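Structure assessment
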Amino acid sequence: MSRLILFSGRNFTINRVFNARGNARLKDGMTKFRAASRVLPHIVLTDLDRCPCPPELINNWKANQLPPQLLFRIAVREVEAWLMADRAGIAEFLHIDISKVPHAPETEEDPKRALINLARKSRKKRLSQEIVPEVGSSAKIGVLYNTHFVNFVNSFWDIEQACLCAPSLTRTLSRISTFLPE
Amino acid sequence: MLITRIKLKNWRNFRNVDVSLRDRVYVIGPNASGKSNFLDVMRFLRDVANPTGGGLQKAVQDRGGITKLRCLLARNDPKVSIEVELAEKVDTDPLWRYTLAFRSEGKGQQRLLVSQEKVINLKTNAVLLERPDKNDKQDIDRLTQTHLEQINTNREFREISEFFANVTYLHLVPQLLKHADQLGGYRIENDPFGQGFLERIAKIHEKYQKSRLTKIEEVLKVCVPNMKNLKFERDKISGTPHLWAMYEHWRPDAGWQREDQFSDGTLRLLGIMWTLLEGDSLLLLEEPELSLNEDIVRQIHKLIWNMQRQAKYRRQVFITTHSEALLQDESIDAREVIRLEPTKDGTLAQETSAEDLALVTDGGYTVAEVLLPKTKPSNVDQLSLFKP
């Protein structure tokens, strides 16, 4: 999110970052975010996950008619789709062939699994071991999944390229650039 | 009495601190930000005021001398200075202000000298003590001691001296208690790690012993499944004091267990609660959440509050913590938190800002949500990327 704000060219200072740890808790927090946005403007980003479409999620979360200081955005299916949307970047990072990266990652049913499957094909065995969960494990991600992709977002992710393949990312950026006009 | 304000200069990793305090103070901050050093200010004052073998020279010496004590970033001003304000109750005007500053002599034997010692009664605005005075100038040796540590000279402000002398620090290490026999009798002065906890219980009158144990038992029953009763007994042969707890068991008399069979968490809880009921001066607690189940950690704030309420004299408590669960309690007042923030220019001690306070009061965030992210080290996500 901080990279998106920086990319949008807006002069916002990020005062703090809350990690709600899971959509359920984020949903529970909506009332709180509404009230707190009066103290400090909020940008809330969530994954669409299994919800059929964004308007339905907005309805479920009662996230319509928000105060102007609260920007609510949804990453279509999952934020992982936005990472895969930088096709060249992710191919290079995971040491895979670019042709294996989907052209329309936002249409993927389960972007997290798609991303892990990409990592599985990595020519770097070690990287693949760190990102992919062990065979038979109940875990959905490998031990260093988050560590590696946080690193990818911070140091390699090309937002401009990603926008070409991720419409919901493009919309989020344009909304950030018009959020709370100076 | 309680400390309502504390100002520090060049104390360990703090160059400059000025914070207001309430009757509970949660000290938070990343690892090595100086949480224990902050508590050590109060232990230091206790060591200075300690009527049995305390004093400024010893307190500084015990901490490895002034070079270890003084902030490495101290520049022009070479002295270490501590100033505290004391009030009878929270949210009332302070009654006392005590200032102590000291430095190395700068020549000759490099003795440690008091460079300022001042006591003001803030009610009457009377300055009861201001050093160095005429006598000190005639006899420099006098400056090696504070008036706080001397019964002859602290008569007018003995209240302060007694308050400091009774400060308790507790970081109970259950293993030290459980393995007391094997470890032998060596005790650190003032017993910071709770080795002598049982003897402390043994020393007090049976009537108070029972009443406190009953209060603790009530709370423990909730936290420790199957525990029913708590009793204190001396070993009939050796006289060693022991705590016993009754656990529910299908054989009626089989369930009595001695403290060396208690869980680490039970022992720590016991120690914390007992100490809260025990004295009337400041209590310093180091990470009370250790070895406790998260659901019980969530109750710590209520527990402290409850014990403070039940105690004969309400103790002020300083608590260092890393625990999100502890600070998630919605009844914690954001003004009770002091956040330590390491910078290149020493650690800063911050009260909760007006904005953070508004996020809690108007926004409905918990103290943990607002303040803990700020103490998170910035690169922690990358911690596991170090290649072996």
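Predicted model only: the values in this text are computed from it and were never measured.

Scoring rules and cut-offs
- Residues numbered from 1 in each chain as written.
- Chains lettered and ligands numbered in written order.
- Predicted model: local features only at pLDDT ≥ 70, side-chain atom pairs only at ≥ 80, totals over all residues.
- Heavy atoms only, no water.
- 1 Å grid on protein atoms, 1.4 Å probe; cavity = no way out; pocket = protein on both sides within 12 Å on 5 of 7 lines; lining within 4 Å.
- Points joined across faces, edges and corners; volume = space filled by probe spheres on them.
- Helix = DSSP H or I, 4+ residues; strand = E, 2+ residues; numbered from the N terminus.
- Nonpolar A, V, L, I, M, F, W, Y, C, P; charged D, E, K, R; others polar.
- Pairing = 2+ DSSP bridges.
- Axes fitted to C-alpha atoms, helices over the stretch in contact; angles between N-to-C directions.
- Parallel < 35°, antiparallel > 145°, perpendicular 65-115°, else oblique.
- Left-handed = near helix turned anticlockwise from the far one by under 90°.
- Contact = heavy atoms within 4.5 Å.
- Buried < 20%, exposed > 50% of the residue type's maximum accessible area, 1.4 Å probe, protein only.
- Lys, Arg positive; Asp, Glu negative; His and termini not counted.
- Salt bridge = Lys/Arg side-chain N within 4 Å of Asp/Glu carboxyl O.
- Polar contact = N/O pair within 3.5 Å; in protein donor to acceptor, adjacent residues only side chain to side chain.
- Domains from an automatic or database assignment.
- Buried area = accessible area lost by both parts, 1.4 Å probe.
- pLDDT = per-residue confidence, 0-100.

Time to look at empty space enclosed by the protein. Any empty space left between the atoms is revealed when a probe the size of a water molecule rolls over them. All names here are of chain B. Inspection of the entire model under this criterion finds one cavity of 30 Å³ or more. Its volume calculated, the largest cavity comes out at about 40 Å³. Lining the largest cavity we find Leu170, His171, Leu172, Arg268, Ile272, Leu285, Glu286, Glu287 and Pro288. Broken down by secondary-structure element, the contributors of at least two residues to the lining of the largest cavity are α10 (264–278) and β12 (283–286). Looking at the lining of the largest cavity residue by residue, the class counts come to five nonpolar, one polar and three charged.

Our focus in this paragraph is the sheet that holds strand β4 (residues 80–87) of chain B. Neighbouring strands of a sheet are bound in pairs by backbone hydrogen bonds; such pairs are parallel or else antiparallel. Residues and elements named next belong to chain B. Overall, antiparallel pairing links the six strands, which are arranged β2-β1-β4-β5-β6-β7 in an open sheet. The open sheet has two edge strands, β2 (14–20) and β7 (126–131), and neither has a second partner. Along the sheet, successive strands turn relative to each other by an average axial angle of 10°, direction set aside. Judged from the nine bridges that link them, strand β5 (residues 96–104) and strand β6 (residues 112–121) form a sheet pairing that is antiparallel. Across the sheet, residue Ala101 finds its bridge partner in β6, namely Gln116.

Here we take up the pairing of strand β14 (residues 337–343) of chain B. All names here are of chain B. Bridge count for strand β3 (residues 24–28) against β14 is three bridges, and the pairing is parallel. What sits directly across from Val27, in β14, is Ile338. Here six bridges tie β14 to strand β15 (residues 346–351), and the two strands are oriented antiparallel to one another. Among the inter-strand pairings, Leu340 is bridged to a residue of β15, identified as Ala349. Turn length for the β14-β15 hairpin, with the two strands adjacent in sequence and antiparallel, is two residues.

Residues and elements named next belong to chain B. Two elements in contact, helix α9 (residues 206–223) and α10, have axes whose closest approach is 10 Å; the angle formed by their N-to-C orientations is 140°. For the element pair α9 / α10, the angle class is oblique. As for how α9 packs across α10, the hand of that crossing is right-handed. Only Thr266, Leu269, Leu270, Met273, Trp274, Leu277 and Glu278 of α10 make contact with α9, whose side of the interface consists of Gln209, Arg212, Leu213, Lys215, Ile216, Val219, Leu220 and Cys223. Split by residue class, the contact of α9 with α10 holds ten nonpolar, two polar and three charged.

Take the side chain of A:Asp86 next. Residue and element names in this part refer to chain A. In this fold, Asp86 is placed in the loop between α5 (79–84) and α6 (87–94). Here Asp86 occupies a buried position and makes no salt bridge, while the nearest side chain of opposite charge, Arg3, is found at 7.4 Å. Within the structure, the side chain of Asp86 is placed 3.1 Å from the backbone nitrogen of Gly89, a separation counted as a polar contact.

So, on to the domain arrangement of chain A. Residues and elements named next belong to chain A. Domain parsing of chain A yields domain 1 (2–76 + 168–178) and domain 2 (80–165). One C-alpha centre belongs to domain 1, the other to domain 2; they are set 24 Å apart. At the junction of the two partners, domain 1 supplies twelve residues and domain 2 supplies ten residues. When domain 1 packs against domain 2, the two sides together hide about 1,100 Å² of surface, and 66% of this comes from carbon and sulfur. Considering only the side of domain 1, the residues that lose the most area to domain 2 are Arg3, Val76 and Leu169, jointly responsible for 54% of the buried surface there.

Detailed reading of the predicted coordinates is not advisable wherever pLDDT is low. Confidence in the prediction of chain B, expressed as mean pLDDT, is 87, and 96% of residues score 70 or more. Prediction confidence for the complex, expressed as pTM and ipTM, is 0.86 and 0.76 respectively.

A few words now on the sheet that holds strand β8 (residues 168–170) of chain B. Residue and element names in this part refer to chain B. Taken in spatial order, the six strands line up as β8-β12-β13-β3-β14-β15 in an open sheet, and their pairing is mixed. Two strands close off the open sheet at either side, each with one partner strand: β8 and β15. Within this sheet the neighbouring strands show an average axis-to-axis angle of 20°, counted without direction. In this sheet, strand β13 (residues 317–320) lies alongside β3 in parallel orientation, the contact comprising four bridges. Within the sheet, the bridge partner assigned to Tyr26 lies in β13 and is Ile319. Running over the sheet, helix α12 (residues 300–310) touches β3, β12 and β13 and is turned about 150° from β3.

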